[in-house]
Amino acid sequence: MRKQEILKSIIENPEFREKYWPKFKINSEIQDYNHVLILKSNNKFLITLYNLIIENDTPIILYKKILKSFEL
Amino acid sequence: MSSVIRHINPINWFNYKGSDNHIYFSSGTNVLVGTNNAGKTKLHNAFRFLLSDRVIIKVKVSDDKVYQEIKADNEKYTLEIFNESAYSELKINDIGSFGVELCFTKKSSTEEKNYIVKKIIKLRKISDSKFEITENFRQVYSVDPRTKKPRRTSEKVDDIVNFLITPMYRKFFLVEGEQMGMMTPLQGEGLKTTIKNLTSINTIDKVVDVVDSLQKKVDSDIKKYESQLDSLSEADKLLMTQKHAKENELKELGELIESDDTLRQELEDNISNIRVKNDESKDKKLLLSDLEGLLNDKKNIEERIDYNYRDFIDSLTDSKSFYISKIFDENHVNDDFEKIDKNFAGFLKERRIELEKNISEEDQLILQKLVKTEPHPDILKEMIEDHVKKCYICKSNLGKENVDFIKNVLIPHYEMSYDNDDYELNLLSSIKDSIKIIFHEARQEYSSDEHFISEAKERIADLTQEKIDKQKEIDDFIGTHGDKDDLDRAIDVNILDQFASDNLDLGKLKSELAINNKALKALKTEIKDLSEKLEKNNKSDNKLESYNNLNDFITDLDVYFEKIKENVYDDFALSLQEKASLRFKKLMRNNPTTKNHKLIVKVDKRDIGYRKKYSFEIYLQNKRGKKLTQEGGASSTLETLSVVFGLIDYANKKQTFPFIADAPISRLTPDTKESFFETIIDDEILSQNIIIVMDLWDNKKNNINELAKDVLKLIEPKSDSSFIILKPKENNMGVEFNYLKNGK
């Protein structure tokens, strides 16, 4: 399973979708949910998820990005 | 990317003498048939040395010689590796060298590159048994595609041989037949690593690690933030203190579970490491107890024989049941009695004659002759009556002379016998009568005594036969399993004790872990409840709400990944089980006893703190679902091979490393050997095979055998296959190669 497949499986998971990104438009034909799509959603959970799975940030940078998304 | 071995050149390497021993390989299947001492295992060792600097040789441990993997530059064993004849030809202070040179092609989608790798150990001879290693030469050459000439490169040997077979796959692709059942990538942690590499678990694990570190950071930040909150009511402050205390408790419990699980893992590894030795000792212990049982049985039989003898003697000497008939057989008793009776009759007669002084000498002689018959006087009187006058014994008529003799000599003589007060005569007569009585009494008991004796004889004969049979059973047993001393020596009491105590500790630890995991779950629920209460009471605090949202999200991700991992492992196990079982069935298709056997890939899941831990086991199961732990021979060898092929099937691509196997079929039946070659050659599952075997050689005919001919037929149509015969030259002078088929 590639990183993109993991990301796709979570984004399209009905439980996550309902709880964290109900407004995000799911298109199961999309192979890879890219950076632009995620950023456009403006959803802090999706952005965190993308950073966490796809980006190869150091733990400190990743955490800073996440805190920024959650306005903490 | 893939790699294909072009040739190998063992230099002064065991029985490969000199520096030109090039063996050329095809890019497909290469079958190398070696006669005895042709250097098959030594050739396999050449590949091993090139890949890992190591060789497997027999080394002396205590009194035994056992196979061990050693470093080839270990000076203790150097002279075992260096060709003996080549070493003896070296003069003192000469420099000699031994090692391996190998050429292979590294293929990628864009290019093909040929490399030559040399690993040569140089030494200076000091004496026939002493030397000093002067150089450990290692060099990579790349072959110029145009000129075909090798050029030195600066690349490291280890990096280049990693292209040949990457370290992770070496134990799959460089195999030694006898050791296939113990292939570490298919057991314990090795198997886990193999599975992780073949599935997406590694990717998931990396994400889980990130989620883990995030979780810790968020937890710590929430704790810090909550502590700084001034607006909290007294009740909330109490809730927060409780929550933090629970969180500390949770942390400590989590750490305890982790350390207990490490202990559990160590114990399980210990148990797994000593399981084979323990099982062997246990088997020997059972065998020893069987042998002791047999020896006890024999002792019991001997005691029964003794008892029967004693009982027999007792019954003979017991006055109540003693009869003369027990000692003699009937004919003897009759004869003996008649002899004794006759003797006594003689004594009586002699005494009577002695008493009759007036009888003539002639009459005395006649009377002596009549001792035997001794007629009664009344009978004699009847015989001389007028109307009879006949001898009752000889039936002849009696003349006057006879009648007078009877009347005047015999009748008075016998009348005196029956009416005499002579002490000696009476004593003799009484003894004679007593013997007669004893004889008649004894005769009455004879038939039952005879029965008693024959029964006693039969009993002793049966018991003696039983003893002989038991002794044979004991001899057979000892012939197969060894005697008491052998079995005693083979039992390792320490291993048995350690195995039992480790299992006991493991049981305790597992139940402790189960209790702690339950407590951990309860604590988590309590903390969650406390957090929800705090959150509810402080809804107006946006920052706390954001922290909690983030925390919930990360926790949900954690749970989700755990679920994915579980699914991936389950799917993998199921798929490998199907594929490996199919392979096993195919490889064992000619063996009816394993027709319904199935390879099981078992995933064991344990809750450890927040997560699940997984372990794997692969084993063979019979049609009744029984786990076969000690299946020997073909099935244990092919079980491993089936899993290797099953893993390659799972990876769903033709394998790109050469498969180099020494004696992979030595423990198989002829039919299974054939199916092995069919799988290897026809299936094309592997890109290049180098199969080194002796099972295709007929020592009596000094030629290849029937199976070899079948294998030759199989590879005949394959242009990329070779069939090579290795034969040793005399006096350790090297090895001869004969290419029966030389493919490209």
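Just above, that's the structure.
Just so we're clear, the structure is a prediction, and the values are computed from it rather than from any experiment. (Residues numbered from 1 in each chain as written. Chains lettered and ligands numbered in written order. Predicted model: local features only at pLDDT ≥ 70, side-chain atom pairs only at ≥ 80, totals over all residues. Heavy atoms only, no water.)

Quick look at the overall build of chain B now. Helix and strand counts for chain B stand at 19 helices and 19 strands. Partitioning the intrachain contacts of chain B with sequence separation of at least 6 by distance along the chain shows that 68% fall at a separation of at least 24. (Helix = DSSP H or I, 4+ residues; strand = E, 2+ residues; numbered from the N terminus. Contact = heavy atoms within 4.5 Å.)

Quick look at the interface of chain B and chain A now. At the interface, 22 residues of chain B touch 24 residues of chain A. With both sides pooled, the region where chain B packs onto chain A buries about 2100 Å², and carbon together with sulfur makes up 77% of that total. The tally of links between chain B and chain A comes to one salt bridge. Linking B:Asp556 and A:Lys19 is a salt bridge whose minimum nitrogen-to-oxygen distance equals 2.8 Å. For the pair chain B and chain A, the number of links is six residue pairs in polar contact (both at pLDDT 80 or more). At the level of secondary structure, the elements contributing two or more residues to the side of chain B that touches chain A comprise α7 (201–228) and α16 (542–587) of chain B. Ranked by residue count, the leading element in the side of chain B that touches chain A is α16(B), at 12 residues. Broken down by class, the residue content of the side of chain B that touches chain A amounts to 13 nonpolar, four polar and five charged. (Buried area = accessible area lost by both parts, 1.4 Å probe. Salt bridge = Lys/Arg side-chain N within 4 Å of Asp/Glu carboxyl O. Polar contact = N/O pair within 3.5 Å; in protein donor to acceptor, adjacent residues only side chain to side chain. Nonpolar A, V, L, I, M, F, W, Y, C, P; charged D, E, K, R; others polar.)

Residue and element names in this part refer to chain B. Considering all chains together, one arrives at 36 salt bridges over all chains under this definition. Between Asp261 and Arg264 there is a salt bridge, with its nearest N and O atoms 2.7 Å apart. You can see Asp261 and its partner Arg264 sitting in helix α8 (residues 234–317), three residues apart, about one turn around the helix. Assigned by exposure class, Asp261 and Arg264 land together as buried. (Buried < 20%, exposed > 50% of the residue type's maximum accessible area, 1.4 Å probe, protein only.)

Attention now moves to the packing of aromatic side chains. The description of two aromatic rings rests on the distance between their centres and on the angle between their planes. Overall, the coordinates contain 28 aromatic pairs over all chains when judged by the stated rule. With a centroid separation of 6.0 Å and an interplanar angle of 35°, the aromatic rings of A:Phe16 and A:Tyr20 are classed as tilted. Taken together, the residues span about one helical turn, with A:Phe16 and A:Tyr20 both in helix α2 (residues 14–20) at a distance of four residues. Taking the relative accessible area as the measure of exposure, A:Phe16 reaches 5% and is therefore buried. Each ring, one from B:Tyr16 and one from B:Phe737, has its centre 6.4 Å from the other, and the planes form 20°; the classification is stacked. Pair noted here: B:Tyr16 is in the loop between β1 (2–11) and β2 (23–24) and B:Phe737 is in strand β19 (residues 735–741), with a separation of 721 residues, a long-range link. Judged by its relative accessible area of 25%, B:Phe737 is partly exposed. Through pairs of rings, three or more aromatic residues link up here, namely A:Phe16, A:Tyr20, A:Trp21, A:Phe45, A:Phe70, B:Phe553, B:Tyr560 and B:Phe561. Between the NZ or CZ atom of B:Lys106 and the centre of the ring of B:Phe163, over which it lies, the distance is 3.8 Å. Of note, B:Lys122 hangs over the ring of B:Phe137, and the distance from its end group to the ring centre comes to 5.6 Å. (Phe/Tyr/Trp six-rings, centres within 6.5 Å; stacked < 30°, edge-to-face > 60°. Lys NZ or Arg CZ within 6 Å of the ring centre and 35° of its normal.)

Turning next to the nonpolar core. Ranked by internal contacts, the top residues of the largest apolar core, which has 149 residues, are A:Trp21, B:Phe561 and B:Phe723. Here this core gets 17 residues from one element, more than from any other, and that element is α16(B). Counting the residues that make up this core, at least three belong to each of domain 1 (2–166 + 657–742) and domain 2 (182–219 + 550–654) of chain B. Membership of the second largest hydrophobic core comes to 13 residues, among which are B:Leu380, B:Cys391, B:Phe405 and B:Leu410. (Core = buried A, V, L, I, M, F, W, Y, C linked by side-chain atoms within 4.5 Å. Domains from an automatic or database assignment.)

Residues and elements named next belong to chain B. Extensive coverage of strand β6 (residues 95–107) is indicated by the burial of 10 of its 13 residues. Pairing of β1 with β6 involves nine bridges; the strand directions are antiparallel. Along β6, the bridge assignment pairs Ile8 with Leu102. In this structure, β6 lies alongside strand β7 (residues 112–125), joined through 13 bridges in antiparallel fashion. When the bridges of β7 are listed, Cys103 appears paired with Ile116. (Pairing = 2+ DSSP bridges.)

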